[in-house]
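# Fold and contact review
These are the residues of each chain, in order.
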Amino acid sequence: MEEEYKRLLEEIRDVYFVVQDEKIVLVSSRLTEKFGYNSDEIVGMPFMELIAPEVCGRVQGFYHKRLAGQEVPGQYETIMITKGGDRVPVETSVWRTEYRGRPAVAGIAQDVTERERRQSERVRAQEEERKRLARALHDETVQELLLVCHRLQDLAAGTYGELPEHALDNLGELQQLV
């Protein structure tokens, strides 16, 4: 039965891990592949060494609260660090379990780098489209205002016939606005 579990563990596309006493005690080979460590280096390593410094407090807090039976998110995004120092955004699903008769935390971490890249591209494309529309609207509005301005000048110059004095005053005010 244990061989079946090991095989299943190795077939998981994402990183599976078990942490006990703040140390990694079990991990799938995906962690060694994606993060550059070999199995001997990773088993026994404090799990916080794999977490980006700016999120360590939050992740460690979740870990201790989960072990204490407190309510914490079962799924969240965080940032892990490879052996080479690269940052990898991951989505984790984490739960309390027992490992070898003692409390532990198990989880699955999925690399979301590609998903975040696509999201950034979508946001960038939307921003570019918004800017393009703003420019187009601005250009069109300016053109229409110039046309109005020219027509007002024509009216003031008498191109369309003489206008009463009060109409010429109003025309002057309109020209200043435009």
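Rules of the game
- Here the residue numbers are simple positions, counted from 1 along each chain's written sequence.
- Reporting of local features is limited, given that this is a predicted model, to residues whose pLDDT is at least 70; pairs of side-chain atoms are given and counted only at 80 or more, and all residues count toward the totals for whole chains, interfaces and linings.
- The side-chain values count all of the structure's non-hydrogen atoms but skip hydrogen atoms and water molecules.
- Cavities and pockets were defined on a 1 Å grid built from protein atoms only: a cavity is a group of points that admits a 1.4 Å probe but offers it no way out, a pocket is an open group of points flanked by protein on both sides within 12 Å along at least five of seven lines, and a lining residue is one with an atom within 4 Å of any such point.
- Grid points are joined across faces, edges and corners, and a volume is the space filled by probe spheres set on the points.
- Numbered from the N terminus, helices here are DSSP runs of H or I no shorter than four residues, and strands are runs of E no shorter than two.
- Residues are grouped as follows: Ala, Val, Leu, Ile, Met, Phe, Trp, Tyr, Cys and Pro are nonpolar; Asp, Glu, Lys and Arg are charged; all remaining types, including Gly, are polar.
- Strand pairing requires that DSSP identify at least two bridges connecting the strands.
- Every angle, taken between N-to-C directions, lies between 0 and 180 degrees, and every axis is a line fitted to C-alpha atoms, over only the stretch in contact when it is a helix.
- Salt bridge criterion: a side-chain nitrogen from Lys or Arg within 4 Å of a carboxyl oxygen from Asp or Glu.
- A score from 0 to 100, pLDDT tells how confident the predictor is in each residue.

## Notes on empty space enclosed by the protein
A full pass over the atoms with the stated rule returns 1 cavity of 30 Å³ or more. Counted as a void, the largest cavity has a volume near 220 Å³. What lines the largest cavity is a set of 18 residues, among which F17, V19, F47, I51 and V59 lie closest to the centre. Of all the secondary-structure elements, those providing two or more residues to the lining of the largest cavity are β1 (15-20), α4 (56-67), β3 (75-81), β4 (87-99) and β5 (102-111). For the lining of the largest cavity, the residue count by class is 15 nonpolar, 2 polar and 1 charged.

## Structural notes on the sheet that holds β4
Strand order in the open sheet made by the 5 strands is β2-β1-β5-β4-β3, with antiparallel pairing throughout. With one partner strand each, in any of the chains shown, β2 (23-27) and β3 form the two edges of the open sheet. Neighbour to neighbour, the strand axes of the sheet diverge by 40° on average, direction disregarded. Of the strand pairs in this sheet, β3 and β4 are connected by 7 bridges, and their pairing is antiparallel. Each bridged residue has a counterpart across the sheet, and for Y76 the counterpart in β4 is T92.

## Thoughts on the pattern of salt bridges
The final tally for this structure, using the stated rule, is 5 salt bridges. With a closest N to O distance of 2.2 Å, R87 and E54 form a salt bridge. On the criterion of sequence distance, the pair formed by R87 in strand β4 and E54 in the loop between α3 (39-42) and α4 is long-range, its members being 33 residues apart.

## Quick word on the confidence of the model for the chain
Scored by pLDDT, the chain comes out at a mean of 83, with 81% of its residues at no less than 70. Taking the mean pLDDT of every element in the chain, the minimum, 66, falls on helix α6 (residues 165-177) and the maximum, 96, on α4.

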